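# A structural walkthrough
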Amino acid sequence: MDRDAALDRVDAVVDAVESETLPVPVREVWVYGDVALGLDPLDRLDVYVTKDILLRGDPDAAESFERSHGVKGVGKSVRAEWAREHPDLLRANANGYAAPEKCLAAHLLPDDEPVHLEVCNASFEDNVTQRLKGAVEREAYEQILDPRGVCLYADGQRSSDAMSKLRNGEFAFPTLSGALEMLGLEGDDAETAVEAMRAYRAEQTGTSVRGDVV
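What counts, and at which threshold
- Residues numbered from 1 in each chain as written.
- Predicted model: local features only at pLDDT ≥ 70, side-chain atom pairs only at ≥ 80, totals over all residues.
- Heavy atoms only, no water.
- Helix = DSSP H or I, 4+ residues; strand = E, 2+ residues; numbered from the N terminus.
- Rg over C-alpha atoms; globule rule 2.2 N^0.38 Å.
- Buried < 20%, exposed > 50% of the residue type's maximum accessible area, 1.4 Å probe, protein only.
- Contact = heavy atoms within 4.5 Å.
- Areas by Shrake-Rupley, 256 points an atom, 1.4 Å probe, with all protein chains shown as cover.
- Lys, Arg positive; Asp, Glu negative; His and termini not counted.
- Charge placed at Lys NZ, Arg CZ, Asp CG, Glu CD.
- Patch = residues over 30% accessible without salt bridge, like charges linked within 9 Å, V, L, I, M, F, W, Y side chains within 5 Å.
- Salt bridge = Lys/Arg side-chain N within 4 Å of Asp/Glu carboxyl O.
- Pairing = 2+ DSSP bridges.
- pLDDT = per-residue confidence, 0-100.

## With respect to the overall build of the protein
Check the secondary structure of the protein and you find nine helices and six strands. Relative to the 2.2 N^0.38 estimate, which gives 17 Å for 214 residues, the radius of gyration of the protein is 18 Å and therefore close to what a compact globule would have. Overall, the C-alpha framework of the protein stretches about 55 × 40 × 30 Å when taken along its three principal axes. Considering the protein as a whole, with its 214 residues, one finds that 46% of them fall into the buried category. Looking at the protein alone, contacts between residues at least 24 apart form 66% of all its contacts between residues at least 6 apart. Carbon and sulfur atoms form 44% of the exposed surface of the protein, whose accessible area is close to 10,700 Å². Here the protein carries 23 positive and 42 negative side-chain charges, and the mean point of each set is 6 Å from the other.

## A look at unusual backbone geometry
A cis amide bond, omega 0°, links Asp40 with the succeeding residue Pro41. Relative to the elements of secondary structure, Pro41 occurs in the loop between helix 2 (34-37) and strand 2 (45-51). In this structure, Glu139 is a non-glycine residue whose phi angle is positive, near 55°. Mapped onto the elements of the fold, Glu139 is located in the loop between helix 6 (124-138) and strand 4 (149-154). The phi dihedral of Asp155 falls on the positive side, at around 50°, and the residue is not glycine. Asp155 sits in the exposed class, given a relative accessible area of 59%.

## Let's talk about a negative patch on the surface
A cluster of acidic side chains, namely Glu139, Glu181, Glu186, Asp188, Asp189, Glu191 and Glu195, defines a negative patch on the protein surface. Of the residues forming the negative patch, the biggest block, four residues, is contributed by helix 9 (residues 187-202). You can see Glu191 is positioned in helix 9.

## A few points about the sheet that holds strand 1 (residues 26-32)
The sheet built from six strands is open, its strands ordered 5-4-1-2-3-6 with mixed pairing. A strand with exactly one partner marks an edge of an open sheet, and here the two such strands are strand 5 (157-158) and strand 6 (208-212). The pairing of strand 1 with strand 4 spans five bridges and is classified as antiparallel. Each residue of the ladder has a partner; that of Tyr32, found in strand 4, is Gly149.

## Some thoughts on the environment of Phe173
Considering the arrangement of structural elements, one finds Phe173 in the loop between helix 7 (162-167) and helix 8 (176-182). Given a relative accessible area of 28%, Phe173 falls into the partly exposed group. Sequence-wise, Phe173 and Leu37 are 136 residues apart; in three dimensions their C-alpha atoms are separated by 6.8 Å. Dropping the residues within four chain positions of it, Phe173 is found in contact with Ala36, Leu37, Arg148, Gly149 and Val150.

## Points about the confidence of the model for the protein
Per-residue confidence for the protein averages 94 on the pLDDT scale, and 100% of its residues sit at or above 70. The element-level mean pLDDT for the protein is lowest in helix 3 (residues 59-69), coming to 88, with strand 4 highest at 98.

## Looking at the pairing of strand 3 (residues 115-120)
Moving residue by residue along a regular strand, the side chains alternate between the two faces of the sheet. Strand 3 sits mainly inside the fold: six of its six residues count as buried. Looking at chain direction, strand 2 and strand 3 are connected through six bridges and run parallel. Pairing of Val49 across the sheet is with Val119, part of strand 3. Where strand 3 meets strand 6, five bridges bridge the pair, whose relative direction is parallel. Of the residues in strand 6, the one forming a bridge with His116 is Ser208.

Listed below in structure tokens is the structure:
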């Protein structure tokens, strides 16, 4: 993926978060991995968003959308207002409930670009730590989140200079193994983790999304 096109896509994501009604409130937008390192072209663009839960439910909308679309939980897990405006973007999980991460991906991203979207209720930095701990305990190293990230939007404020620094390749990060060692992985384990993460990533195609709860 051409770097300029990737950063234009990220700009569009932040624009949408700032100005559009989304399935759920979004508190943070980060990019991480290759795009943060300044690589060009990119194998994949990695975007992370922190979502907030909905505070007020809409049981009438839930019943209506379950009847009309066969999707449960509208007005509870995703905004009823958004679902009414974008019924074509409504996505459900395997249990038939509206899936916030899938709905966000459908709204924010085309389905034909090599973009991965991570959606979690926790901030990027907190989730990096939690995912690393869980992956090590399960020896599922491919599930580790690359900690080398750049925050573009947080708590209603767009960073004034992060995007320009990204475009100019001004951020400096350690190697992936070095970053993992800084988080506490031993040298051999860090190298094993890097190999697993790269192999898993190489298998991904098109637009992908992962929802997480911490």
